[in-house]
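# Descriptive structure summary
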Amino acid sequence: MRVHANDGISAEGKALMVQEEFNVTTEHVPQEKLADFLNAQKVDALLVRSATKVGKDILDACPHLRLVGRGGVGMDNIDVAYAKQKGVRVVNTPASSSISVAELVMAHLFSLTRDLYKANRRMPGEGATAFKEMKKAYGNGAELRGKTLGVIGFGRIGGWVARYAIGAGMKVIYTDRHATVDHLDMEFNGIPFSVGIKMVPMEELLDKSDAITLHVPSNPDNSPVLGAKEFAQMKRGMLLVNTARGTSVDEQALIKALKDGTVKAAGIDVFRNEPTPNTELLAQPNVSLSPHIGAATAEAQDRIGIELAELLIAWRDEVTVDRG
Ligand code: NAD
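Residues numbered from 1 in each chain as written. Predicted model: local features only at pLDDT ≥ 70, side-chain atom pairs only at ≥ 80, totals over all residues. Heavy atoms only, no water.

### As for the sheet that holds strand S14 (residues 287-289)
Under the convention used in this document: By the convention used here, strands pair only if DSSP detects at least 2 bridges between them. Elements are defined by DSSP. Helices are runs of H or I of four residues or more, strands are runs of E of two residues or more, and each kind is numbered from the N terminus. The criterion used for residue contact is that any of the two residues' heavy atoms lie within 4.5 Å. Between N-to-C directions, angles cover 0 to 180 degrees, with each direction set by a line fitted to C-alpha atoms, over the stretch in contact for helices.
Strand order in the open sheet formed by seven strands is S10-S7-S6-S11-S12-S13-S14, and the pairing between neighbours is parallel. Looking at which strands have only one partner, the edges of the open sheet turn out to be strand S10 (198-199) and S14. By the bridge criterion, four bridges tie strand S11 (residues 211-214) to strand S12 (residues 238-242) in an arrangement that is parallel. Residue pairing in the sheet places Leu214 in a bridge with Asn242 of S12. Those strands touched by helix H5 (residues 98-113) are strand S6 (148-152), S11, S12, strand S13 (263-268) and S14, and its axis lies near 150° from that of S12.

Structure follows, in C-alpha coordinates:
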(Lines give C-alpha, C1' and ligand atoms only; values in the text may rest on other atoms or scores of the structure.)
Protein backbone atom coordinates (compact mmCIF):
# COMPACT_ATOMS: atom_id res chain seq x y z
CA MET A 1 0.00 0.00 0.00
CA ARG A 2 1.29 3.47 -0.86
CA VAL A 3 1.34 6.22 1.75
CA HIS A 4 2.39 9.81 1.17
CA ALA A 5 3.08 12.10 4.16
CA ASN A 6 3.07 15.57 2.58
CA ASP A 7 3.76 17.63 5.71
CA GLY A 8 6.36 15.28 7.17
CA ILE A 9 6.07 12.50 9.73
CA SER A 10 8.21 11.46 12.71
CA ALA A 11 11.00 8.94 12.15
CA GLU A 12 9.27 6.54 14.59
CA GLY A 13 5.97 6.75 12.70
CA LYS A 14 7.67 6.20 9.34
CA ALA A 15 9.72 3.29 10.71
CA LEU A 16 6.57 1.58 11.99
CA MET A 17 4.88 1.94 8.59
CA VAL A 18 7.93 0.64 6.72
CA GLN A 19 8.14 -2.29 9.14
CA GLU A 20 4.51 -3.05 8.26
CA GLU A 21 5.51 -2.98 4.57
CA PHE A 22 3.79 0.25 3.60
CA ASN A 23 5.53 2.04 0.74
CA VAL A 24 6.08 5.52 2.27
CA THR A 25 7.09 8.80 0.60
CA THR A 26 7.64 11.97 2.64
CA GLU A 27 8.99 14.71 0.34
CA HIS A 28 6.76 17.81 0.36
CA VAL A 29 4.87 18.30 -2.90
CA PRO A 30 3.46 21.82 -3.53
CA GLN A 31 -0.32 22.05 -3.36
CA GLU A 32 -0.76 22.71 -7.11
CA LYS A 33 1.25 19.60 -8.05
CA LEU A 34 -0.16 17.31 -5.37
CA ALA A 35 -2.99 15.69 -7.35
CA ASP A 36 -0.66 14.76 -10.22
CA PHE A 37 1.86 13.33 -7.76
CA LEU A 38 -0.75 11.27 -5.91
CA ASN A 39 -2.09 9.86 -9.18
CA ALA A 40 1.34 9.13 -10.64
CA GLN A 41 2.36 7.28 -7.44
CA LYS A 42 -1.08 5.64 -7.03
CA VAL A 43 -1.17 6.78 -3.41
CA ASP A 44 -3.77 5.00 -1.23
CA ALA A 45 -3.35 7.10 1.92
CA LEU A 46 -2.41 10.77 2.17
CA LEU A 47 -1.13 12.05 5.53
CA VAL A 48 -1.12 15.80 6.24
CA ARG A 49 -0.77 18.24 9.11
CA SER A 50 -2.23 21.73 8.79
CA ALA A 51 -0.28 22.99 5.74
CA THR A 52 -1.68 20.77 2.96
CA LYS A 53 -5.29 21.31 1.96
CA VAL A 54 -7.43 18.33 0.98
CA GLY A 55 -10.50 19.86 -0.64
CA LYS A 56 -12.96 18.75 -3.30
CA ASP A 57 -10.35 19.39 -6.02
CA ILE A 58 -7.91 16.80 -4.65
CA LEU A 59 -10.66 14.33 -3.71
CA ASP A 60 -12.22 14.53 -7.18
CA ALA A 61 -8.89 14.39 -9.01
CA CYS A 62 -7.50 11.36 -7.13
CA PRO A 63 -9.81 8.34 -7.43
CA HIS A 64 -7.07 6.08 -6.03
CA LEU A 65 -7.07 7.88 -2.68
CA ARG A 66 -8.87 5.92 0.05
CA LEU A 67 -7.73 7.48 3.30
CA VAL A 68 -6.73 10.94 4.48
CA GLY A 69 -4.94 11.14 7.84
CA ARG A 70 -4.55 14.42 9.72
CA GLY A 71 -1.75 14.54 12.27
CA GLY A 72 -3.26 16.67 15.04
CA VAL A 73 -6.71 17.87 16.05
CA GLY A 74 -8.40 20.39 13.72
CA MET A 75 -9.81 19.27 10.37
CA ASP A 76 -10.19 22.79 8.96
CA ASN A 77 -7.90 21.92 6.00
CA ILE A 78 -9.84 18.81 4.98
CA ASP A 79 -13.29 18.66 3.36
CA VAL A 80 -14.39 15.88 5.70
CA ALA A 81 -18.04 15.81 4.57
CA TYR A 82 -17.11 15.51 0.90
CA ALA A 83 -14.48 12.85 1.64
CA LYS A 84 -17.11 10.79 3.48
CA GLN A 85 -19.51 11.23 0.59
CA LYS A 86 -16.85 9.84 -1.74
CA GLY A 87 -16.11 6.92 0.58
CA VAL A 88 -12.67 8.24 1.58
CA ARG A 89 -11.89 7.48 5.24
CA VAL A 90 -10.66 10.47 7.28
CA VAL A 91 -8.76 9.94 10.53
CA ASN A 92 -6.94 12.26 12.95
CA THR A 93 -4.91 12.03 16.15
CA PRO A 94 -6.71 14.31 18.62
CA ALA A 95 -5.05 13.09 21.83
CA SER A 96 -1.40 13.20 20.73
CA SER A 97 -0.69 16.82 21.57
CA SER A 98 -2.84 17.40 24.69
CA ILE A 99 0.14 17.32 27.09
CA SER A 100 2.17 19.70 24.88
CA VAL A 101 -0.66 22.24 24.83
CA ALA A 102 -1.16 21.88 28.60
CA GLU A 103 2.54 22.56 29.24
CA LEU A 104 2.38 25.70 27.06
CA VAL A 105 -0.56 26.92 29.15
CA MET A 106 1.53 26.49 32.32
CA ALA A 107 4.49 28.24 30.62
CA HIS A 108 2.28 31.25 29.85
CA LEU A 109 0.81 31.24 33.37
CA PHE A 110 4.25 31.22 35.02
CA SER A 111 5.48 33.87 32.60
CA LEU A 112 2.47 36.08 33.38
CA THR A 113 2.67 35.79 37.16
CA ARG A 114 6.38 36.72 37.24
CA ASP A 115 6.46 39.22 34.32
CA LEU A 116 9.03 36.96 32.65
CA TYR A 117 7.84 37.91 29.17
CA LYS A 118 8.34 41.60 29.96
CA ALA A 119 11.81 41.10 31.45
CA ASN A 120 12.83 38.91 28.50
CA ARG A 121 11.90 41.66 26.05
CA ARG A 122 14.02 44.29 27.82
CA MET A 123 16.98 42.46 29.38
CA PRO A 124 19.03 42.00 26.16
CA GLY A 125 18.99 45.74 25.38
CA GLU A 126 18.70 47.30 28.83
CA GLY A 127 19.99 44.67 31.26
CA ALA A 128 23.31 46.47 31.69
CA THR A 129 21.86 49.98 32.01
CA ALA A 130 18.45 49.68 33.69
CA PHE A 131 18.93 46.62 35.89
CA LYS A 132 17.73 48.24 39.12
CA GLU A 133 14.72 49.85 37.45
CA MET A 134 13.69 46.50 35.94
CA LYS A 135 14.32 44.67 39.21
CA LYS A 136 11.80 47.00 40.81
CA ALA A 137 9.34 46.92 37.89
CA TYR A 138 9.27 43.13 37.64
CA GLY A 139 9.73 42.37 41.32
CA ASN A 140 6.03 42.34 42.19
CA GLY A 141 5.32 38.81 41.08
CA ALA A 142 2.86 36.37 42.55
CA GLU A 143 2.78 32.61 43.04
CA LEU A 144 0.35 30.29 41.30
CA ARG A 145 0.07 28.07 44.39
CA GLY A 146 -3.26 28.61 46.15
CA LYS A 147 -4.84 30.54 43.27
CA THR A 148 -8.00 29.36 41.50
CA LEU A 149 -7.74 28.29 37.86
CA GLY A 150 -10.97 28.20 35.86
CA VAL A 151 -10.86 25.81 32.89
CA ILE A 152 -13.42 26.43 30.14
CA GLY A 153 -13.85 23.20 28.17
CA PHE A 154 -12.90 20.09 30.08
CA GLY A 155 -11.93 17.60 27.37
CA ARG A 156 -8.50 16.13 26.64
CA ILE A 157 -6.44 19.32 26.97
CA GLY A 158 -8.52 20.83 29.78
CA GLY A 159 -8.00 17.65 31.82
CA TRP A 160 -4.22 17.77 31.36
CA VAL A 161 -4.06 21.47 32.24
CA ALA A 162 -5.98 20.66 35.43
CA ARG A 163 -3.44 17.94 36.33
CA TYR A 164 -0.48 20.31 35.85
CA ALA A 165 -2.24 23.12 37.75
CA ILE A 166 -3.13 20.84 40.66
CA GLY A 167 0.54 19.75 40.65
CA ALA A 168 1.48 23.42 41.01
CA GLY A 169 -0.83 23.75 44.02
CA MET A 170 -3.69 25.56 42.27
CA LYS A 171 -7.38 25.02 43.00
CA VAL A 172 -9.11 24.01 39.77
CA ILE A 173 -12.75 24.50 38.78
CA TYR A 174 -14.18 23.99 35.32
CA THR A 175 -17.18 24.53 33.13
CA ASP A 176 -18.17 22.48 30.08
CA ARG A 177 -21.19 22.11 27.81
CA HIS A 178 -21.20 18.33 28.02
CA ALA A 179 -18.51 16.84 30.25
CA THR A 180 -19.37 16.06 33.87
CA VAL A 181 -16.04 14.82 35.22
CA ASP A 182 -15.94 14.61 39.04
CA HIS A 183 -12.40 13.29 39.56
CA LEU A 184 -9.03 13.16 37.82
CA ASP A 185 -6.69 10.18 37.76
CA MET A 186 -3.18 11.40 38.46
CA GLU A 187 0.26 10.03 39.23
CA PHE A 188 3.01 11.25 41.52
CA ASN A 189 6.42 9.60 41.26
CA GLY A 190 4.76 6.54 39.74
CA ILE A 191 2.11 6.33 42.48
CA PRO A 192 -1.45 6.66 41.14
CA PHE A 193 -4.03 8.71 43.00
CA SER A 194 -7.35 10.40 42.33
CA VAL A 195 -8.36 14.03 42.91
CA GLY A 196 -11.94 15.33 43.12
CA ILE A 197 -12.79 18.17 40.72
CA LYS A 198 -15.81 20.45 40.52
CA MET A 199 -17.87 21.58 37.56
CA VAL A 200 -19.45 25.02 38.07
CA PRO A 201 -21.70 27.23 35.93
CA MET A 202 -19.86 29.68 33.66
CA GLU A 203 -20.96 32.67 35.81
CA GLU A 204 -19.40 31.14 38.93
CA LEU A 205 -16.18 30.32 37.07
CA LEU A 206 -15.89 33.89 35.76
CA ASP A 207 -16.56 35.27 39.22
CA LYS A 208 -14.15 33.03 41.19
CA SER A 209 -11.14 32.43 38.93
CA ASP A 210 -7.80 34.19 39.41
CA ALA A 211 -6.80 32.75 36.05
CA ILE A 212 -8.89 31.36 33.20
CA THR A 213 -7.77 29.04 30.40
CA LEU A 214 -9.81 28.11 27.33
CA HIS A 215 -9.97 24.59 25.84
CA VAL A 216 -13.04 24.58 23.63
CA PRO A 217 -13.34 24.12 19.86
CA SER A 218 -14.39 27.14 17.81
CA ASN A 219 -18.16 27.64 17.72
CA PRO A 220 -19.66 26.69 14.31
CA ASP A 221 -20.57 30.36 13.68
CA ASN A 222 -17.17 31.54 15.03
CA SER A 223 -18.89 33.46 17.82
CA PRO A 224 -16.68 34.00 20.88
CA VAL A 225 -17.03 32.08 24.14
CA LEU A 226 -15.59 35.07 26.00
CA GLY A 227 -16.97 38.45 24.93
CA ALA A 228 -17.70 41.81 26.56
CA LYS A 229 -20.46 40.30 28.75
CA GLU A 230 -18.14 37.62 30.15
CA PHE A 231 -15.21 40.04 30.69
CA ALA A 232 -17.58 42.21 32.74
CA GLN A 233 -18.19 39.25 35.09
CA MET A 234 -14.50 38.41 35.67
CA LYS A 235 -12.51 39.06 38.82
CA ARG A 236 -10.57 42.31 38.38
CA GLY A 237 -6.86 41.70 37.74
CA MET A 238 -7.28 38.10 36.57
CA LEU A 239 -5.04 36.30 34.09
CA LEU A 240 -6.30 34.81 30.82
CA VAL A 241 -4.68 32.17 28.62
CA ASN A 242 -6.01 31.26 25.19
CA THR A 243 -4.53 28.25 23.40
CA ALA A 244 -7.90 27.11 21.97
CA ARG A 245 -8.83 29.09 18.86
CA GLY A 246 -8.54 32.80 18.06
CA THR A 247 -12.29 32.97 17.56
CA SER A 248 -12.93 31.72 21.12
CA VAL A 249 -12.19 35.21 22.51
CA ASP A 250 -13.56 38.53 21.25
CA GLU A 251 -10.21 40.23 20.60
CA GLN A 252 -11.60 43.78 20.81
CA ALA A 253 -13.21 43.01 24.17
CA LEU A 254 -9.92 41.48 25.33
CA ILE A 255 -7.94 44.58 24.31
CA LYS A 256 -10.39 46.72 26.29
CA ALA A 257 -10.11 44.41 29.31
CA LEU A 258 -6.29 44.48 29.11
CA LYS A 259 -6.37 48.29 29.03
CA ASP A 260 -8.87 48.79 31.85
CA GLY A 261 -7.24 46.26 34.20
CA THR A 262 -10.01 43.65 34.18
CA VAL A 263 -7.40 41.31 32.71
CA LYS A 264 -4.02 41.95 34.33
CA ALA A 265 -2.22 40.04 31.59
CA ALA A 266 -2.98 37.45 28.91
CA GLY A 267 -1.05 34.55 27.38
CA ILE A 268 -2.10 34.08 23.76
CA ASP A 269 -1.11 31.30 21.35
CA VAL A 270 -4.01 31.55 18.88
CA PHE A 271 -5.40 34.50 16.94
CA ARG A 272 -8.51 35.21 14.92
CA ASN A 273 -6.62 36.29 11.79
CA GLU A 274 -3.77 33.82 11.56
CA PRO A 275 -1.20 34.21 10.07
CA THR A 276 -1.71 38.00 10.23
CA PRO A 277 -2.98 38.65 13.76
CA ASN A 278 -4.45 41.91 14.96
CA THR A 279 -1.40 44.14 15.54
CA GLU A 280 -3.18 46.19 18.20
CA LEU A 281 -3.51 43.04 20.29
CA LEU A 282 0.14 42.08 19.67
CA ALA A 283 1.24 45.56 20.77
CA GLN A 284 -0.43 45.50 24.19
CA PRO A 285 2.20 45.70 26.93
CA ASN A 286 0.58 42.98 29.02
CA VAL A 287 0.43 40.04 26.62
CA SER A 288 2.71 37.01 26.57
CA LEU A 289 2.67 35.79 22.97
CA SER A 290 3.42 32.62 21.02
CA PRO A 291 2.73 31.88 17.33
CA HIS A 292 0.29 28.91 17.56
CA ILE A 293 2.88 26.42 18.81
CA GLY A 294 0.72 24.62 21.39
CA ALA A 295 1.01 21.19 19.78
CA ALA A 296 4.49 21.68 18.35
CA THR A 297 6.85 19.57 20.48
CA ALA A 298 9.14 16.70 19.56
CA GLU A 299 7.16 14.35 21.82
CA ALA A 300 3.82 15.30 20.27
CA GLN A 301 5.25 14.83 16.75
CA ASP A 302 6.51 11.37 17.73
CA ARG A 303 3.13 10.43 19.20
CA ILE A 304 1.31 11.80 16.12
CA GLY A 305 3.51 9.75 13.75
CA ILE A 306 3.06 6.56 15.76
CA GLU A 307 -0.69 7.09 16.16
CA LEU A 308 -1.08 7.71 12.40
CA ALA A 309 0.91 4.55 11.67
CA GLU A 310 -1.30 2.55 14.06
CA LEU A 311 -4.47 4.00 12.49
CA LEU A 312 -3.17 3.04 9.03
CA ILE A 313 -2.33 -0.50 10.12
CA ALA A 314 -5.81 -0.93 11.66
CA TRP A 315 -7.44 0.47 8.52
CA ARG A 316 -5.36 -1.74 6.20
CA ASP A 317 -6.26 -4.82 8.26
CA GLU A 318 -9.93 -3.82 8.16
CA VAL A 319 -10.10 -3.26 4.39
CA THR A 320 -8.03 -6.38 3.72
CA VAL A 321 -10.47 -8.48 5.79
CA ASP A 322 -13.43 -6.80 4.03
CA ARG A 323 -11.98 -7.71 0.64
CA GLY A 324 -11.03 -11.20 1.73
P1 NAD B 1 -11.93 18.06 23.35
O2 NAD B 1 -12.95 17.81 22.31
O3 NAD B 1 -11.30 16.89 24.04
O4 NAD B 1 -12.55 19.01 24.49
C5 NAD B 1 -13.32 20.14 24.22
C6 NAD B 1 -14.33 20.29 25.34
O7 NAD B 1 -14.96 21.56 25.23
C8 NAD B 1 -15.44 19.23 25.31
O9 NAD B 1 -15.53 18.60 26.60
C10 NAD B 1 -16.72 20.03 24.99
O11 NAD B 1 -17.86 19.51 25.63
C12 NAD B 1 -16.35 21.41 25.52
N13 NAD B 1 -17.05 22.52 24.91
C14 NAD B 1 -17.27 22.75 23.60
N15 NAD B 1 -17.83 23.97 23.43
C16 NAD B 1 -17.95 24.52 24.66
C17 NAD B 1 -18.44 25.76 25.15
N18 NAD B 1 -18.89 26.70 24.31
N19 NAD B 1 -18.43 25.99 26.48
C20 NAD B 1 -17.95 25.05 27.33
N21 NAD B 1 -17.47 23.86 26.93
C22 NAD B 1 -17.46 23.60 25.61
O23 NAD B 1 -10.81 18.98 22.68
P24 NAD B 1 -9.29 19.14 23.12
O25 NAD B 1 -8.46 18.07 22.50
O26 NAD B 1 -9.21 19.36 24.59
O27 NAD B 1 -8.92 20.49 22.34
C28 NAD B 1 -9.56 21.71 22.65
C29 NAD B 1 -9.22 22.74 21.60
O30 NAD B 1 -7.83 23.08 21.68
C31 NAD B 1 -9.33 22.23 20.15
O32 NAD B 1 -10.63 22.25 19.68
C33 NAD B 1 -8.43 23.17 19.41
O34 NAD B 1 -9.21 24.28 19.00
C35 NAD B 1 -7.42 23.61 20.46
N36 NAD B 1 -6.05 23.15 20.18
C37 NAD B 1 -5.08 24.09 20.07
C38 NAD B 1 -3.76 23.70 19.83
C39 NAD B 1 -2.65 24.72 19.73
O40 NAD B 1 -1.68 24.46 19.03
N41 NAD B 1 -2.76 25.85 20.41
C42 NAD B 1 -3.44 22.34 19.69
C43 NAD B 1 -4.46 21.41 19.83
C44 NAD B 1 -5.77 21.82 20.07
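### Some thoughts on the domain arrangement of the chain
Put simply, the rule is: As used throughout, domain bounds are those supplied by an automatic or database domain assignment. Accessible area that two parts lose when put together, with a 1.4 Å probe and added across both, is what the buried area reports.
Domain boundaries in the chain define domain 1 (2-96 + 298-322) and domain 2 (98-289). Measuring from the centre of the C-alpha atoms in domain 1 to the corresponding centre in domain 2 gives 34 Å. With seven residues of domain 1 in contact, the opposing surface of domain 2 contributes five residues. Summed over both partners, the interface of domain 1 with domain 2 buries about 440 Å², with 40% contributed by carbon and sulfur atoms.

### What to know about the nonpolar core
Applicable threshold: Buried Ala, Val, Leu, Ile, Met, Phe, Trp, Tyr and Cys residues form a nonpolar core when they are joined through side-chain atoms within 4.5 Å. Throughout, exposure labels follow a simple rule: accessible area from a 1.4 Å probe, protein chains only, divided by the maximum for the residue type, with under 20% read as buried, over 50% as exposed, and the rest as partly exposed.
With 27 residues, the main nonpolar core has Leu226, Phe231, Leu240, Leu254 and Val263 as its most contacted residues. Those elements that place two or more of their residues in this core are helix H9 (202-208), S11, S12, helix H11 (251-260) and S13. A total of five residues in this core trace back to one element, the largest contributor, which is H11. Core analysis: the second largest hydrophobic core is formed by 25 residues, Met106, Leu149, Val151 and Leu239 among them.

### With respect to the sheet that holds strand S3 (residues 45-48)
Taken in spatial order, the five strands make up an open sheet running S2-S1-S3-S4-S5, and their pairing is parallel. Only two strands of the sheet have a single partner each, and these edge strands are strand S2 (23-25) and strand S5 (89-92). When the angles between neighbouring strand axes are averaged without regard to direction, this sheet yields 20°. Pairing analysis gives three bridges linking strand S1 (residues 2-5) to S2, with the strands arranged parallel.

### Here we look at the environment of Met134
The topology assignment puts Met134 in helix H7 (residues 131-137). A sequence separation of 44 residues divides Met134 from His178, and the C-alpha atoms of the two residues are 46 Å apart.

### Here we look at the confidence of the model for the chain
The line we're drawing: Confidence of the predictor in every single residue is expressed as pLDDT, which spans 0 to 100.
Put simply, the chain has an average pLDDT of 96, and 99% of its residues get 70 or more. Averaged pLDDT values over the elements of the chain bottom out at 91 in helix H13 (residues 298-323) and peak at 99 in S11.

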